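Next come the chains, spelled out residue by residue.
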Amino acid sequence: MIAGGMTKFVKSNFREDFRLNVKKSFDYALKDAGMSVKDIDGSVSAYFSDHLQGQLIAGAMSNDFIGLAGKPSKRIEGGGATGGLAFQTAYEEIASGNMDTCLAYGFENMSHVGTWRGNDIIALGSDANFDYPLGGFYTAYYALMATRHMYEFGTTEEQMAMVSVKNHRNAINNPFAQAPMNITVDDVLKSPVVSTPLRMLDICLMSDGAACAILASEEVAKSFSGKPVLISAIGSSSDTMRLADRPFGDVPLLPNENSAMYRGLKYPGVHSFRAGRLAAKMAYDRIGIKNPEKEIDFAELYDAYTSAEIQAYEDMGFCPYGKGGKFIEEGNPELDGSLPVNMEGGLQASGHAIGATGIMQAVYAFWQLQGSMQKHMGNGKLQVKPPSRGLIHSHAGTGAYEAVTIMEAV
């Protein structure tokens, strides 16, 4: 990766459509790398929903608008993992030799429909022949899984609230973030219940925004960037659409895990995400990571719900199963903790413009590994020191798609 850019994520932006948001993020990245449109060989576009945009082939429209018509382009869609999967697809375009430079860009304008219509559209990401007609919606699905996690492991609402407090506080120093706030655990617990045990401040926001990343082959990268960042491994996996169809079997172990610790624990039930664990394992195996808790310096984790960040600590192998609540309680994922997570606010506070989200995570990781947070944020308060390896985790539905990307400073 040689450059990245994004717009500020906002609740509603009726004056600028998705194409202009894409162009703004692309222009930011081009300027940062000293590149022009002619230096880009092709693109991968990412957006979640035609319903939200009110437009089919919005990727082609964006590609045209930013000046890449006539060059290869494709659209990726994978629910909440859309941006992360698109970023990996751009990596594959370079790794295959198909391109020397590739733009991955993602966008969503979610405010063009109301909040309830937005939730209705997102619910179509469940089984529309089964879950959706029964009135299922995603906060309820995650509430179900959070409840099971609490039952299995003793995770508390207070521990989930700590995730919200951390991420909103981190975002105070992020000018791109939608919802920076200095809140307390008590504030979270007093916010309105949406679906027990999840409250308003446990849930990410719907956002308008765009993000882009420019990837290049090693040889080309050197000609445009003095500080490129290596994408050292990618991993992905999938699962059944319906929670009820998921097998109830043994836990797939990561290299640092003692099987005796997991004896008697059956997986996944509905307390965790099998696809996330398998995606992480694939990435770790590809570069020989044996102890992710010690070998990863920071992570951008999917935190559409506070419970999901706690589950991801465990699925990524940052702590044993059932210890995610303790992991946040002990301060490990704080900015000054042993493994900082979502230093810029995550989905909770940076925002969740779905198609842009995974690419937003990549841009934040890129700036961290470049050591350029001061330059892009206007302050160095969110810079992790000294970072050498970061992880990006993208997640869709109730874990139907998962993607893990590992990036390293070079």
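Rules and cut-offs
- Sequence order as written defines the numbering, with residues in each chain counted from 1.
- Whole-chain, interface and lining totals are the exception, using all residues; otherwise, since this is a predicted model, local features are given only for residues with pLDDT of at least 70 and side-chain atom pairs are given and counted only at 80 or more.
- Excluded from the side-chain calculation are hydrogens and water; included are all heavy atoms of the structure.
- Strands here are runs of E lasting at least two residues and helices are runs of H or I lasting at least four, both read from the DSSP assignment and numbered beginning at the N terminus.
- As defined in this context, the radius of gyration uses C-alpha atoms, and a globule is described by 2.2 Å times the residue total to the power 0.38.
- Between buried and exposed lies partly exposed: a residue is buried under 20% and exposed over 50% of the maximum accessible area for its type, with that area taken using a 1.4 Å probe on protein chains only.
- Here a residue-residue contact requires only that any non-hydrogen atoms of the pair lie within 4.5 Å.
- The positive count covers Lys and Arg only, the negative count covers Asp and Glu only, and His and the chain ends enter neither.
- A side-chain nitrogen of Lys or Arg and a carboxyl oxygen of Asp or Glu constitute a salt bridge if their distance falls within 4 Å.
- Between N or O atoms, a polar contact is any pair within 3.5 Å; within protein, one atom must be a potential hydrogen donor and the other a potential acceptor, and residues adjacent in sequence are included only when both atoms are from side chains.
- Any two strands are treated as partners once DSSP identifies two or more bridges connecting them.
- In these notes, a set of buried Ala, Val, Leu, Ile, Met, Phe, Trp, Tyr and Cys residues joined through side-chain atoms within 4.5 Å is what counts as a nonpolar core.
- UniProt positions are given in the numbering used here, feature names are shortened, and annotations may be inferred rather than shown by experiment.
- For helices, the axis comes from a line fit to the C-alpha atoms of the stretch in contact; other axes are also lines fit to C-alpha atoms, and the angle between any two N-to-C directions lies between 0 and 180 degrees.
- Note on angle classes: values under 35 degrees are labelled roughly parallel, values over 145 roughly antiparallel, values of 65 to 115 roughly perpendicular, and the remainder oblique.
- Residue polarity is assigned by list, with Asp, Glu, Lys and Arg as charged and Ala, Val, Leu, Ile, Met, Phe, Trp, Tyr, Cys and Pro as nonpolar; anything else, Gly included, falls into the polar class.

In the annotation of an unreviewed UniProt entry, the entry for the chain reads Acetyl-CoA acetyltransferase, and the organism field reads Ferroplasma acidarmanus Fer1.

## Concerning the overall build of the chain
On a plain count of helices and strands, the chain comes out with 16 helices and 13 strands. Taking 22 Å as the expected radius of gyration for a compact globule of 410 residues, we find that the chain reaches 20 Å, a close match to that expectation. When its C-alpha atoms are laid out on the principal axes, the chain stretches across 55 × 45 × 40 Å. The 410 residues of the chain split such that 60% are buried. Of the contacts formed within the chain by residues at least 6 apart in sequence, a portion of 76% connects residues at least 24 apart.

## A look at the side chain of E314
Along the polypeptide, E314 turns up in helix α12 (residues 306-315). In this structure E314 is buried but unpaired, with R277 as the nearest side chain of opposite charge at 7.6 Å. At a separation of 2.8 Å, a polar atom in the side chain of E314 contacts the main-chain amide nitrogen of G324. Here E314 is in contact with H149, F153, S272, R277, C319, P320, Y321, G322, K323 and G324, once residues within four sequence places are set aside.

## Remarks on the pairing of strand β2 (residues 42-46)
The element β2 is largely enclosed, with a buried count of 5 among its 5 residues. Burial of the side chains of β2 extends over both faces: G42, V44 and A46 are buried on one face and S43 and S45 on the other. Inspection of the sheet shows β2 paired to strand β4 (residues 101-109) by 5 bridges, in the parallel sense. Bridge pairing in β4 places V44 opposite A104. Where β2 lies against strand β3 (residues 73-76), 4 bridges are found, and the strand directions are parallel.

## Structural notes on the nonpolar core
Counting 49 residues, the largest nonpolar core has Y142, Y284, L301, Y313, F318 and L391 as the members making the most contacts within it. Of all the elements in the fold, those that place two or more residues in this core are α5 (115-123), α6 (138-153), α7 (157-170), α10 (274-287), α12, α13 (324-329) and β13 (401-409). The element that contributes the greatest number of residues to this core is α6, accounting for 6 residues. Sequence-distant contacts of Y313, defined by excluding residues within four places in its chain, comprise V163, K166, L301, F318, C319, G324, F327, I328, P333 and V341. Judged by nonpolar contacts, the second largest core, of 43 residues, contains A46, M343, L369 and A396.

## A closer look at the UniProt feature "domain: Thiolase C-terminal" (unreviewed entry) in the chain
Under the local residue numbering, the UniProt record ascribes the feature "domain: Thiolase C-terminal" (unreviewed entry) to residues 273-408. Note that residues 273-408 is 44% helix and 14% strand, and that its end C-alpha atoms are spaced 25 Å apart.

## What to know about the side chain of S62
Mapped onto the elements, S62 comes out in helix α3 (residues 58-65). Residues in contact with S62, not counting those within four places in the same chain, are F18, R19, V22, Y105 and F107.

## A short note on unusual backbone geometry
With an omega dihedral of 10 degrees, the bond running from T196 to P197 counts as a cis peptide bond. Tracing the backbone shows P197 in the loop between β5 (193-195) and β6 (198-199). Positive phi, close to 40 degrees, is recorded for I57, a residue that is not glycine. In this structure, I57 sits in the loop between α2 (50-53) and α3. Exposure remark for I57: the relative accessible area of 62% places this residue in the exposed category. Despite not being glycine, N342 has its phi angle at roughly 55 degrees, a positive value.

## Here we look at the sheet that holds strand β1 (residues 3-6)
The strand order β1-β7-β4-β2-β3 describes an open sheet built from 5 strands, whose pairing is mixed. Across the chains shown, the open sheet's two edge strands, defined by having one partner strand only, are β1 and β3. When strand polarity is set aside, the average angle formed by the axes of neighbouring strands in this sheet is 15 degrees. On top of the sheet, helix α1 (residues 18-33) reaches β1, β4 and β7 (208-216); it is set at about 40 degrees to β7, its chief contact.

## Some remarks on the sheet that holds strand β12 (residues 389-396)
The strands making up a sheet associate through hydrogen bonds between their backbones, and the pairing can be parallel or antiparallel. Ordered in space as β8-β13-β12-β11, the 4 strands form an open sheet in which the pairing is mixed. Each edge of the sheet is formed by a strand with only one pairing partner; in this case those strands are β8 (229-238) and β11 (298-300). Taking each pair of neighbouring strands and ignoring which way they run, the sheet shows an average axis angle of 20 degrees. Both β12 and β13 contribute to a ladder of 8 bridges, which runs antiparallel. Across the sheet, S394 pairs through a bridge with A403, a residue of β13.

## Observations regarding the environment of A128
Mapped onto the fold, A128 is located in the loop between α5 and α6. Residue class for A128 comes out partly exposed when judged on its relative accessible area of 42%.

## Some words on the packing of α7 against α12
Between α7 and α12, the shortest axis-to-axis distance is 8 Å and the interhelical angle comes to 100 degrees. As the angle between them shows, α7 and α12 are arranged roughly perpendicular. Every residue of α12 that contacts α7 at Q159, M160, V163, S164, K166 and N167 is listed here: T306, S307, E309, I310 and Y313. When its residues are assigned to classes, the contact of α7 with α12 shows 4 nonpolar, 5 polar and 2 charged.

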